[in-house]
Amino acid sequence: MSVSNLRPAYKRVLLKISGESFCREGESGISMAELSSVAEQIRDVVKGGVQLAIVCGGGNILRGKQFADISQQIVPSTAHYMGMLATVINGLALQDALESVGVATRLQSAIRMEGVAEPFIRRRCLRHLEKGRVVILAAGTGSPFVTTDTAAALRAREIDADVVLKGTKVDGVYSEDPMKNPHAIRYSDISFREVLEQNLQVMDAQAMHHCMEHKIDIIVFNYKKVGNIARAVSGERIGTRVSTEGRAS
Ligand code: UDP
């Protein structure tokens, strides 16, 4: 998609990118090549004028539940706080990657750490968005035992986002895991209820319930395909749209 042609279909978007966006397939940590690719896509998107808030995950560094399961000395809540701090590391990296391609940003953290990030303050976040700054929201919700999917759903509600874009490694929501079954069917539209009833992997259940209750559509799409974030923001039908209505009957 040509950047100059990008006409956003939404005024305000919340983009959730998982920690996997920050590293190469099957690896952990931060790959500057992967990060730069995402940053360039985001630069092209914001040129179109959309207000963009990004919730970043931390799974490339540490996920609380997994870490607590394997480390007997670390209590689960500590492990989850470590996971939240991992999202701050990613947020800092994403901030510099975006600024290096000319995107104005602010990093806000749900856990106070004035030396590196502003605290998350809803009104201040909105002001940044109105001024065209990309706001990176780190440290999840600030509370343990949930994931950054839940943070994305809650923040989308708080900042009155028109849609949640959930960037993944696959092309949308499938009837089964497409990595395991090549005949799995991809849905172009599906309802929240169907996702929950069929236990399809979109976002965690808390996040799904929150979006369902507040009628915030989720678009699940493959952000690794260059240009797809712009396509999703422009309203092009890519990936899977999860909504109250679901499939057109
Ligand atoms: N986390 C948390 N509270 C939150 C958000 C995240 O405790 O509100 C912790 C949780 O342990 C999680 C980790 O931070 O596993 C990293 O986030 P997530 O697993 O959502 O990252 P992603 O899978 O998106 O890379």
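Quick caveat, the model's predicted, so the values are computed rather than measured.

The rules behind the values
Residues numbered from 1 in each chain as written. Predicted model: local features only at pLDDT ≥ 70, side-chain atom pairs only at ≥ 80, totals over all residues. Heavy atoms only, no water. Helix = DSSP H or I, 4+ residues; strand = E, 2+ residues; numbered from the N terminus. Near = heavy atom within 4 Å. Polar contact = N/O pair within 3.5 Å; in protein donor to acceptor, adjacent residues only side chain to side chain. Areas by Shrake-Rupley, 256 points an atom, 1.4 Å probe, with all protein chains shown as cover. Nonpolar A, V, L, I, M, F, W, Y, C, P; charged D, E, K, R; others polar. Salt bridge = Lys/Arg side-chain N within 4 Å of Asp/Glu carboxyl O. Buried < 20%, exposed > 50% of the residue type's maximum accessible area, 1.4 Å probe, protein only. Pairing = 2+ DSSP bridges. Contact = heavy atoms within 4.5 Å. Axes fitted to C-alpha atoms, helices over the stretch in contact; angles between N-to-C directions. Core = buried A, V, L, I, M, F, W, Y, C linked by side-chain atoms within 4.5 Å.

Digging into the environment of Ala230
Reasoning step 1: Within the secondary structure layout, Ala230 lies in helix H8 (residues 228-233).
Reasoning step 2: When the C-alpha atoms of Ala230 and Ala110 are compared, they prove to be 27 Å apart, with 120 residues separating the residues in sequence.

Considering the site of the ligand
Reasoning step 1: Contacts to the ligand come from 20 residues, most closely from Gly19, His80, Thr141, Ser143 and Thr148.
Reasoning step 2: Thr141 places a side-chain nitrogen or oxygen 2.6 Å from an oxygen atom of the ligand.
Reasoning step 3: Interatomic distance of 2.5 Å between a side-chain N/O atom of Thr148 and an oxygen atom of the ligand.
Reasoning step 4: In isolation the ligand has 510 Å² of accessible area, and contact with the protein removes 94% of it.
Reasoning step 5: Ranked by residues supplied to the shell around the ligand, first place goes to helix H3 (residues 76-100) with three residues.
Reasoning step 6: Counted by class, the shell around the ligand contains five nonpolar, 13 polar and two charged residues.

Quick look at the pattern of salt bridges
If charged atoms from side chains of opposite charge come close, those side chains can pair.
Reasoning step 1: Following the criterion strictly, the structure yields 18 salt bridges and no others.
Reasoning step 2: Between Arg24 and Glu27 there is a salt bridge; the shortest N-O distance is 3.7 Å.
Reasoning step 3: The class of Arg24 is partly exposed, set by a relative accessible area of 42%.
Reasoning step 4: Two residues, Arg237 and Asp189, come together in a salt bridge whose shortest N-O distance is 2.7 Å. Taken as a pair, Arg237 in the loop between H8 and strand E11 (240-243) and Asp189 in strand E9 (residues 189-191) lie far apart in primary sequence, 48 residues in all.
Reasoning step 5: Residue Asp189 is classed as buried on the basis of its relative accessible area, which comes to 16%.
Reasoning step 6: Taken together, the shared-partner salt bridges in this structure form one network comprising Lys16, Asp149 and Lys166.

Topic: the sheet that holds E11
Reasoning step 1: Judged by pairing direction, the sheet is mixed, and its nine strands sit side by side in the order E4-E3-E5-E2-E1-E6-E10-E11-E9 without closing on themselves. One side of each edge strand has no neighbouring strand; the edge strands of this open sheet are strand E4 (118-119) and E9.
Reasoning step 2: Bridge analysis of strand E1 (residues 12-17) against strand E6 (residues 163-168) gives five bridges, and the strand direction is parallel. Along E6, the bridge assignment pairs Ile17 with Gly167.
Reasoning step 3: Relative to strand E2 (residues 51-56), helix H1 (residues 32-47) is tilted by about 155 degrees, and along the sheet it contacts E1, E2 and strand E5 (134-138).

Topic: the side chain of Thr240
Reasoning step 1: Inspection of the secondary structure assignment puts Thr240 in strand E11.
Reasoning step 2: Leaving out residues up to four positions away in the same chain, Thr240 has contacts with Asp171, Gly172, Val173, Arg186, Tyr187, Ser188, Asp189, Ile190, Ile218, Ile219 and Val220.

Some remarks on the nonpolar core
Reasoning step 1: Ranked by internal contacts, the top residues of the largest apolar core, which has 40 residues, are Leu15, Ile42, Ile54, Leu94, Leu98, Leu165 and Phe221.
Reasoning step 2: For this core, the elements supplying multiple residues, two or more each, are E1, H1, E2, H3, E5, E6, strand E10 (217-222) and H8.
Reasoning step 3: Here Ile42 is in contact with Leu15, Leu52, Ile54, Leu94, Leu98, Val134 and Ile229, once residues within four sequence places are set aside.
Reasoning step 4: Core analysis: the second largest hydrophobic core is formed by 32 residues, Ile190, Val195, Leu200 and Cys211 among them.

Remarks on the environment of Thr148
Reasoning step 1: Looking at the secondary structure, you find Thr148 in helix H5 (residues 148-158).
Reasoning step 2: Spatially, the C-alpha atoms of Thr148 and Val55 are 7.1 Å apart, while their sequence positions differ by 93 residues.
Reasoning step 3: When neighbours within four sequence positions are excluded, Thr148 is seen to be in contact with Lys16, Val55, Cys56, Gly57, Thr87 and Gly140.
Reasoning step 4: Polar side-chain contacts of Thr148 include one of 3.2 Å to the side chain of Lys16.

Some words on the pairing of E10
Reasoning step 1: Here E10 lies mainly inside the structure; six of its six residues are buried.
Reasoning step 2: Here E10 shows two buried faces, one formed by Asp217, Ile219 and Phe221 and the other by Ile218, Val220 and Asn222.
Reasoning step 3: For E6 and E10, the ladder comprises six bridges, and the chain directions are parallel. For Lys166, the partnering residue across the bridge sits in E10 and is Val220.
Reasoning step 4: Across three bridges, the pairing between E10 and E11 is antiparallel. Bridge pairing links Ile219 to Arg241 in E11.

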